[in-house]
Amino acid sequence: MRSFLVIGLGRFGSAVARELAALGQEVLALDEDEENVQHIADDVTQAICGDAQEESVLRSVGARNFDCCVVAVGTDMEASILVTVMLKEMGAKYIVAKAQSRVHARVLERVGADRVVLPETEMGQRLAQRLVRTNVVDYIGVSDDFSILEIHPPKSWVGRTLGQLGVRARYLINVLAIRHGAGGKVDVTPQADQIIGADDLLIIIGTNENVDKLVELQ
């Protein structure tokens, strides 16, 4: 079990905090709005009302001791940057910060955020991928060059093994996992003799170019 400090309990922060808690993690949620704190108190390990822009508040909750600090402050760019700077100076182990724009994201990266997320942009990309590529179940842009996709297998792959297909050598992509049917068992280390079924979902990673070529096989 890992420990998380989630700062800011708007829609994004609350969703992150609740999901982390549901996954069995230790979660301390922090927000200056008492109503937000009350709404989430029963769903996380601990919920505290306080202004994260006050260094004394971050120190009092032991921010530097958490495995990960999530800066999910709403639309106040200055506040999110300030909180990120203070966490970095305190020695926080890993900082994930929510950005409102690409410029905001660049600033957060420069002041010490280990990872920056643009929720609306990422969700927009995922929706667009699913609308255009009907065989794509989910999409994550890892970087400008690499993507992770969850896809239905090409029809020509069904009934054959990963070894027979020579996926890595022929298509230059890696199959990270195989989900046997929607909501079914997931093989996180698929072997070369793994036979691909028609109802399987493949979680793959590769360059955008190679992933595009594979998706076109559908």
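Source: prediction; values computed, not measured.

What counts and how
- Residues numbered from 1 in each chain as written.
- Predicted model: local features only at pLDDT ≥ 70, side-chain atom pairs only at ≥ 80, totals over all residues.
- Heavy atoms only, no water.
- Helix = DSSP H or I, 4+ residues; strand = E, 2+ residues; numbered from the N terminus.
- Buried < 20%, exposed > 50% of the residue type's maximum accessible area, 1.4 Å probe, protein only.
- Polar contact = N/O pair within 3.5 Å; in protein donor to acceptor, adjacent residues only side chain to side chain.
- Contact = heavy atoms within 4.5 Å.
- Arc of directions from axis to C-beta.
- Patch = residues over 30% accessible without salt bridge, like charges linked within 9 Å, V, L, I, M, F, W, Y side chains within 5 Å.
- Areas by Shrake-Rupley, 256 points an atom, 1.4 Å probe, with all protein chains shown as cover.
- Salt bridge = Lys/Arg side-chain N within 4 Å of Asp/Glu carboxyl O.
- Lys, Arg positive; Asp, Glu negative; His and termini not counted.
- Charge placed at Lys NZ, Arg CZ, Asp CG, Glu CD.

(A) Main features of the side chain of S80. In this fold, S80 is placed in helix α4 (residues 77-90). The class for S80 is buried, based on a relative accessible area of 1%. One polar contact links S80 to H104, side chain to side chain, over a distance of 2.8 Å. Sequence-distant contacts of S80, defined by excluding residues within four places in its chain, comprise V71, V73, H104 and L108.

(B) Quick peek at helix α9 (residues 208-215). What α9 keeps buried is the set N210, V211, L214 and V215. Buried residues of α9, viewed axially, fall in a sector of 140 degrees; they line one side.

(C) Up close: a negative patch on the surface. A grouping of E32, D33, E34, E35, D76 and E78 is seen on the molecular surface, where their side chains present a negatively charged patch. Here E32 lies in the loop between β2 (26-31) and α2 (34-40).

By themselves these figures say nothing about function.
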